[in-house]
Each structure stands twice: as structure tokens, then as C-alpha cells.
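Overview (structure and organization)
Spelled out, the chains give:
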Amino acid sequence: MRQLKLSKAFTLVEPGPVVLVTTHDGDKGNIMTISWTMVLDFKPVFAITTGEWNHSFAALRDRRECVIAIPPVDMLDKVVGIGTCSGADTDKFARFKLTAVPGRVVRAPLIKECLANIECKVVDIVRKHDIVVLEGVAAYVDPARKEKRTVHAVGDGTFVVDGRRMDRRKLMASKIPEGL
Ligand SMILES: Cc1cc2nc3c(=O)[nH]c(=O)nc-3n(C[C@H](O)[C@H](O)[C@H](O)COP(=O)(O)O)c2cc1C
């Protein structure tokens, strides 16, 4: 094996899919792009990595709510656009022509054009590593959405699109919770 620059190691394990996270600051909604996500349990508990450097963080910290919206690959250019401008000076719903739909539990809006949306409460913020722990309180999918492939960020500006689905359900049966 050839040596790999340690600074590139994260690109080997970069998770996916890339998600959009919406917040509401009491006045208006905003959206950010997040590729550093993690599922923490079979229960709806997730972690995202973000912090003060983003406009969204104040709403996450103060309102303790957000929505994780899952964009399919046909939204990739919007996803990158949303992640390269700030809600501090931009209405991203208007700029990227996205439809904000009210959720049932949290004030942060769902994004109609996405494949799925998860309403979340912020249950912990681990400042040392800028980890925000989220608990899902409601979830939605759009079965009519034709494009279902999600996008995974490598971390260097390139993306990998979902491919073939492989079924190992029988082999994994002892590890999969009942009903899943
Ligand atoms: C593909 C992509 C992935 C990103 N992933 C993250 C991430 O995981 N954590 C983070 O803090 N920022 C991430 N960003 C950057 C934020 O989305 C970006 O700073 C955004 O402008 C924040 O918006 P806001 O200032 O309106 O909150 C990502 C951006 C892109 C384009």
C-alpha cells in the first residue's frame, strides 16, 4: 500500500447522504448543507457536526430544533449553493426556489422538494467537537419523488451517487430490530 496524506484520511470514511438542515430563528427559516452526519442508534438519534461559524448555529443552539431534509441527486447544485452562502444575508428558500412546508412538531420548515424530512429536537451540544445531537420526533417520505438516489460527499468537492442496492437481510437478521 502507498502512504496517504493523513489530512486526506477523512475522505475515506466521509459519510452520507449529504443532508440539508433547516432551522427557524423565530423570525425566518434558513437552510444549511451538512455532510458530517452520524446515526447513533436504531432509535431516531443522529449527530451532525457544526458550530458558531455558521449562521444556522444560533437558531440550533437557541431554538433547539431543526429539520433534516434528504435531497436526491437532482438537487445537487442547489445543495452546494445552499452550503456556500449564508442565511445571514440570503433568503435561501427564495434564492434556490424551495418550498418551505410547516412541520407538525418543530417550527423549522420541511423542504417539499426533498425525498424525506425528519423533524428533530436538539438534545445535546458537545462543544469540544462541535457535535450537535438530534432526536427525531416526526419523519416523512415522498413516495412520488421519482429520483431516489442520494448523494455522498467525498469531502474534496466531489460526490458519489447511490448505486446498486444489495440485500443481506437474511445474513444480518440477528442484528436487525424486528419490524425494520
Ligand atoms: C457539500 C457541503 C457539505 C457541508 N457540510 C458541512 C458540515 O458537515 N458541517 C458544517 O458545519 N458545514 C458544512 N457545510 C458548510 C455549510 O453548509 C455552509 O457554511 C453554509 O453556508 C452555512 O449556512 P448558514 O450560514 O446559513 O448557516 C457544507 C457545505 C457543503 C457545500
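Residues numbered from 1 in each chain as written. Predicted model: local features only at pLDDT ≥ 70, side-chain atom pairs only at ≥ 80, totals over all residues. Heavy atoms only, no water.

1. Brief notes about the nonpolar core
Note the cut-off: Definition of nonpolar core: a set of buried residues of the types Ala, Val, Leu, Ile, Met, Phe, Trp, Tyr and Cys, connected through side-chain atoms within 4.5 Å. Think of it in three bands: residues with accessible area under 20% of the maximum for their type are buried, residues over 50% are exposed, and the middle band is partly exposed, with areas taken using a 1.4 Å probe on protein chains only. Only DSSP runs of H or I with at least four residues qualify as helices, and only runs of E with at least two residues qualify as strands; both kinds are numbered from the N terminus onward.
Membership of the largest hydrophobic core comes to 19 residues, with the highest contact counts inside it found for Val-21, Ile-48, Ile-68, Cys-120, Val-132 and Leu-134. Going through the elements one at a time, strand S1 (19-24), strand S2 (29-34), strand S4 (45-49), helix H2 (56-63), strand S5 (65-70), strand S8 (116-126) and strand S9 (131-141) are the ones with two or more residues in this core. Examining the composition of this core, we find that five residues originate from one element, S8, more than from any other. Core analysis: the next-biggest nonpolar cluster, separate from the first, contains 14 residues, Val-79, Cys-85, Phe-93 and Ala-153 among them.

2. Notes on the side chain of Glu-119
The following threshold applies: In summary, the charge assignment counts Lys and Arg as positive and Asp and Glu as negative, without counting His or the chain termini. Salt-bridge detection follows one rule: a side-chain nitrogen of Lys or Arg within 4 Å of a carboxyl oxygen of Asp or Glu. Polar contacts, as used here, are pairs of N or O atoms within 3.5 Å; protein pairs need one atom able to donate a hydrogen and one able to accept it. Residues neighboring in sequence count only if both atoms are side-chain atoms. Working rule for contacts: check all heavy atoms of both residues, and any pair within 4.5 Å makes them a contact.
Tracing the backbone through its elements, the reader meets Glu-119 in strand S8. One buried charged side chain, Glu-119, makes no salt bridge at all; its nearest oppositely charged neighbour is Arg-104, positioned 5.0 Å away. Here Arg-104 takes part through its backbone nitrogen, which lies 2.7 Å from a polar atom of the side chain of Glu-119. Only 2.5 Å separates the side chain of Glu-119 from the side chain of Tyr-140, close enough to count as a polar contact. Setting aside chain neighbours within four positions, we find Glu-119 in contact with Cys-66, Val-67, Gly-103, Arg-104, Val-105, Val-106, Leu-110, Glu-135, Gly-136, Val-137, Ala-138 and Tyr-140.

3. Digging into unusual backbone geometry
Of note in this structure, Arg-64 is not a glycine but carries a positive phi near 55°. As for its position among the elements, Arg-64 is in the loop between H2 and S5.

4. Thoughts on the sheet that holds S9
Paired through their backbone hydrogen bonds, the strands of a sheet run either parallel or antiparallel. Note the following rule: Strands are labelled as partners when DSSP assigns at least two bridges between them. A fitted line through C-alpha atoms serves as each axis, taken over the contacting stretch for helices, and the angle formed by two N-to-C directions is quoted from 0 to 180°.
A sheet is described by the order of its strands in space; here seven strands give the open sequence S2-S1-S5-S8-S9-S4-S3, paired in antiparallel fashion. Looking along the sheet, the strands with just one partner apiece sit at the ends: S2 and strand S3 (37-39). Each adjacent strand pair in this sheet contributes to an overall mean axis angle of 30°, direction not counted. For S1 and S5, the ladder comprises three bridges, and the chain directions are antiparallel. Counted as the bridge partner of Leu-20 is Ala-69 from S5. Against the sheet, H2 touches S1, S2, S4, S5, S8 and S9, its axis set at about 60° to S1.

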